[in-house]
Amino acid sequence: MRILLLTLLLLSVEAAAQFWQQEASFPGMARDDGAQFSIGSLHFCGTGRGSDFGCTRDFFVYDSYNSTWNTAAPLPIWQERQYASAFSYQEKGYILGGENCNGYYFTTFWRYAPLTDTWDPMPEFPGVGRAGAQHFLIGADLYWVGGRSASGILNEVWCFHFNSNQWEQLANLPFNGIWRGVGFANQTNGFVAGGRTDDANQTGWNTDTWLYDPQNDQWSNYTAQLNLGSRMYIGSAQEDTLLFVFGGVDINDNVLNTFEKINLNTFQIEQLLPFTGAARKGCMSFVGNDYFHLSTGIAANDRLNETWRIALSPEAQIKEKNLFEVA
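Residues numbered from 1 in each chain as written. Predicted model: local features only at pLDDT ≥ 70, side-chain atom pairs only at ≥ 80, totals over all residues. Heavy atoms only, no water.

## Let's talk about the pairing of strand β4 (residues 42–46)
And step 1. With four of five residues buried, β4 lies mostly within the body of the structure.
And step 2. Summarising the sheet, strand β3 (residues 35–39) and β4 pair through five bridges and their orientation is antiparallel. Bridging from a neighbouring strand, A35 pairs with G46 of β4.
And step 3. Linking two consecutive strands that pair antiparallel, namely β3 and β4, is a turn of two residues; a positive phi of about 65° is found at G40 within it.
And step 4. Sheet analysis places β4 next to strand β6 (residues 59–63), joined by five bridges and oriented antiparallel. Bridge assignment links F44 to a residue of β6, and that residue is V61. (Buried < 20%, exposed > 50% of the residue type's maximum accessible area, 1.4 Å probe, protein only. Helix = DSSP H or I, 4+ residues; strand = E, 2+ residues; numbered from the N terminus. Pairing = 2+ DSSP bridges.)

## What to know about the environment of T68
And step 1. As for its placement among the helices and strands, T68 is situated in strand β7 (residues 68–72).
And step 2. By relative accessible area, which is 32% here, T68 ends up partly exposed.
And step 3. Among all residues touching T68, those that are not within four sequence positions of it are V61, Y62 and D63.
And step 4. Polar side-chain contacts of T68 include one of 2.4 Å to the side chain of N66. (Contact = heavy atoms within 4.5 Å. Polar contact = N/O pair within 3.5 Å; in protein donor to acceptor, adjacent residues only side chain to side chain.)

## A look at unusual backbone geometry
And step 1. Of note in the backbone geometry, W78 takes a positive phi value of approximately 70° without being a glycine.
And step 2. As for its position among the elements, W78 is in the loop between β7 and β8 (85–89).
And step 3. According to the relative accessible area criterion, W78 is exposed, its value standing at 67%.
And step 4. Located in the positive-phi region is N289, a residue other than glycine, with phi close to 55°.
And step 5. With respect to the helices and strands, the residue N289 is situated in the loop between β29 (284–288) and β30 (291–295).
And step 6. On the basis of relative accessibility, which here comes to 11%, the residue N289 falls in the buried class.

## Observations regarding the state of the cysteines
Should the sulfur atoms of two cysteines be covalently bonded, the bond is a disulfide.
And step 1. Tallying each qualifying case throughout the model produces one disulfide.
And step 2. Between C45, a free cysteine, and C283, which holds the nearest cysteine sulfur, the sulfur-to-sulfur gap is 11 Å.
And step 3. Judged by its relative accessible area of 16%, C283 falls in the buried class. (Disulfide = S-S within 2.5 Å.)

## Observations regarding the environment of N163
And step 1. The topology assignment puts N163 in the loop between β16 (157–161) and β17 (166–169).
And step 2. N163 sits in the exposed class, given a relative accessible area of 72%.
And step 3. Along the sequence, N163 and K92 sit 71 residues apart, while their C-alpha atoms lie 15 Å from each other.

## So, the pairing of strand β10 (residues 109–113)
And step 1. Burial of β10 is extensive: four of the five residues sit out of reach of the surface.
And step 2. In this structure, strand β9 (residues 92–96) lies alongside β10, joined through four bridges in antiparallel fashion. Among the inter-strand pairings, I95 is bridged to a residue of β10, identified as W110.
And step 3. Taken together, the four bridges between β10 and strand β11 (residues 118–121) define a ladder with antiparallel strand orientation. When the bridges of β11 are listed, R111 appears paired with D120.
And step 4. In sequence, β10 turns back onto β11 through a hairpin of four residues, with D117 there showing a positive phi of about 55°.

## Points about the side chain of T197
And step 1. Among the structural elements, T197 can be located in strand β20 (residues 196–197).
And step 2. Taking the relative accessible area as the measure of exposure, T197 reaches 3% and is therefore buried.
And step 3. Only 3.1 Å separates the side chain of T197 from the side chain of D199, close enough to count as a polar contact.
And step 4. Every residue in contact with T197, bar those within four places of it in the chain, is listed here: I153, F175, N176, G177, Q202, T203, G204, W205 and N206.

## Details of the confidence of the model for the chain
And step 1. The pLDDT averaged across the chain works out to 93; a share of 91% of its residues lies at or above 70.
And step 2. Low pLDDT, under 50, characterises residues 1–16; the stretch is placed with 16 contacts to residues that sit more than four places away or in other chains. (pLDDT = per-residue confidence, 0-100.)

This is the structure:
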């Protein structure tokens with residue numbers, strides 16, 4: 001009896017792990033193009049363009065252990081934005097750049113302290129304001145790549161050195177800029193892929209994956225080893241050397257529902273179960289408690305506050321169940 005019960009439970013968990021599940025909705029205004037960073041099991045989601053078409057500055061925090069939302073401190077007043085870059089470093093969250101929904105591009109850089117629920121200014125970005133940039137972290141260095149300013153899509157590459165608290169401009173990209181692609185890194189190299197370029201009046205496509213060598217400040221084409229295709233508005237979340245990639249919009253303006261896992265050691269791509277909800281873009285995505293999560297976004301013309309998740313392994317749901325024995 002005991003063995004049968006545990007066997008049936010494990011089988012049911014394994015089957016359930018293959019499906020997308022809708023969770024508690026994002027508690028703020030429905031929106032797209034928000035920003036997200038994670039600190040432990042807490043996932044901070046905010047900013048973006050709301051269903052009233054205005055930009056937002058509020059933040060909410062999702063606890064991936066109990067699947068609940070709570071309120072977090074908003075960005076300071078007049079800091080409403082979309083297309084901002086967000087990341088965490090040493091147990092603090094960061095928001096950089098973005099656009100205010102009225103054509104103003106930010107250079108401001110903010111740090112969030114979870115223990116005090118407060119935002120503090122960081123050294124302001126010294127270049128022109130930009131939004132929709134790609135970023136990745138290698139060690140104590142943040143690399144901020146491309147983006148779009150009032151003058152168009154950019155091919156600039158900048159680095160913020162946390163050890164010295166200073167900005168440095170690096171070698172430009174070897175192609176005509178990138179906006180709303182994806183950036184990621186393993187322990188030694190950074191990568192950017194997808195997105196629009198400044199070609200053809202900002203309607204060109206970056207069709208390649210590019211590798212950055214921080215030791216030599218050099219970019220090289222890496223498409224033969226890792227090809228993410230031509231798409232923008234890609235959702236992504238990374239856990240150690242595993243990158244999870246959701247959807248995007250292709251060159252025919254189709255909104256994709258694909259879901260992939262990429263091993264950043266071997267660069268093998270594994271196709272996972274496609275998203276089963278309405279096709280959407282501009283989501284905030286994160287990994288927590290062995291689940292991949294999507295929140296908010298836009299489907300057709302409707303901005304959303306939905307939150308969805310899918311287990312990344314059968315063990316994810318075993319963690320949530322109290323196994324018991326029957327004599």
